[in-house]
Amino acid sequence: MLLADEAARGDVQPIYIGAGLAWESAERAMVEALLRSDPLRGHTRDIVALSVDMRDVYAATHWAVTGEPPAYHTPDEDVYLPGRNIVLLTKAGVYCAAAGIDRIVLGTLGHNPFPDATPEFRLTMARALSLGLAHDLRVDAPYAEMSKAEVIRRGQSLGVPFELTLSCMSPVSSPTLPRHCGTCSKCRERHDAFIEAGLDDPTKYETVRFTAG
């Protein structure tokens, strides 16, 4: 949704940052399919792929590394990845300074309970990056006061093909595009948001015992 929203406003440079986590190959495949879709094709620059491997920081047994995430009904706090937005903004900031880009946009949502999702954090990171890179950078989070359901309604108004979006921590490979597992807490958050938004959930879930009906 964020890509479509930004593309409707002007020039956009998509940046994908891999950190060595379990879902990234599926996430990258879905992003590239989304960029080829009608609402976005020709409205963004080619995606830039960067990397900063976090597997030397997170334990080898960490769920984000093993691909065995918290279960469907666990709370959001169980999926915290320490330092994630610090790392993403730092890598993206260095790239943006070199490319002459002055604004970074994050998809942080209103219910995000983590310390790296606050306005104070974003302002502080923007200030530190601007000072350290001698390049003025702004960090925006336009959905930071919105629920996931509100973002979905926004995406519908923009014609976003929701079947080409991914919010799953254990996606399942398929001959075409990856499928949502249907058993992780991100799948629960996604499905609940469609219900709250009053829209049919078009997501293909590998397991439907929680999402059927």
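For the structure itself, consult the block above.
So, here's what we can say about the structure. (Residues numbered from 1 in each chain as written. Predicted model: local features only at pLDDT ≥ 70, side-chain atom pairs only at ≥ 80, totals over all residues. Heavy atoms only, no water.)

### A word on the pairing of strand E2 (residues 48-51)
Residues in a regular strand project their side chains so that they alternate between the two faces of the sheet. Burial of E2 is one-sided: the residues Val-48 and Leu-50 facing one way are buried, the residues Ala-49 and Ser-51 facing the other way are not. Examined bridge by bridge, strand E1 (residues 15-18) and E2 share four bridges and lie parallel to one another. Across the sheet, residue Ile-17 finds its bridge partner in E2, namely Leu-50. (Buried < 20%, exposed > 50% of the residue type's maximum accessible area, 1.4 Å probe, protein only. Helix = DSSP H or I, 4+ residues; strand = E, 2+ residues; numbered from the N terminus. Pairing = 2+ DSSP bridges.)

### Remarks on the pattern of salt bridges
In the structure shown here, the tally under the stated rule is 12 salt bridges. Measuring nitrogen to oxygen at the nearest pair gives 3.5 Å for the salt bridge that ties Arg-9 to Asp-5. One end of the pair, Arg-9, and the other, Asp-5, are both in helix H1 (residues 2-9), four residues apart, so they sit about a helical turn from each other. For Glu-189, the salt bridge identified is with Lys-186, shortest N-O distance 3.6 Å. Residue Glu-189 and its partner Lys-186 are both found in helix H7 (residues 185-197); the two are separated by three residues, about one turn of the helix. The buried category is assigned to Glu-189, whose relative accessible area is 9%. (Salt bridge = Lys/Arg side-chain N within 4 Å of Asp/Glu carboxyl O.)

### Observations regarding the state of the cysteines
Note on terminology: disulfide describes a covalent bond linking the sulfur atoms of two cysteines. Per the counting criterion, the structure on display carries zero disulfides. There is no disulfide at Cys-187, and the cysteine sulfur nearest it, in Cys-168, is 3.7 Å away. Here Cys-187 falls in the buried class, since its relative accessible area comes to 0%. (Disulfide = S-S within 2.5 Å.)

### Focus on the packing of helix H4 (residues 84-99) against helix H5 (residues 119-133)
Where H4 meets H5, the axes come as close as 10 Å, and the angle between the chain directions of the two elements is 40 degrees. On the basis of their axis angle, the class for H4 and H5 is oblique. For the pair H4 and H5, the sense of crossing is right-handed. On H5, the residues touching Asn-85, Ile-86, Leu-89, Thr-90, Gly-93, Val-94 and Ala-97 of H4 are Phe-121, Met-125, Leu-129 and Leu-133. Grouping the constituent residues of the contact of H4 with H5 by class yields eight nonpolar, three polar and no charged. (Axes fitted to C-alpha atoms, helices over the stretch in contact; angles between N-to-C directions. Parallel < 35°, antiparallel > 145°, perpendicular 65-115°, else oblique. Left-handed = near helix turned anticlockwise from the far one by under 90°. Contact = heavy atoms within 4.5 Å. Nonpolar A, V, L, I, M, F, W, Y, C, P; charged D, E, K, R; others polar.)

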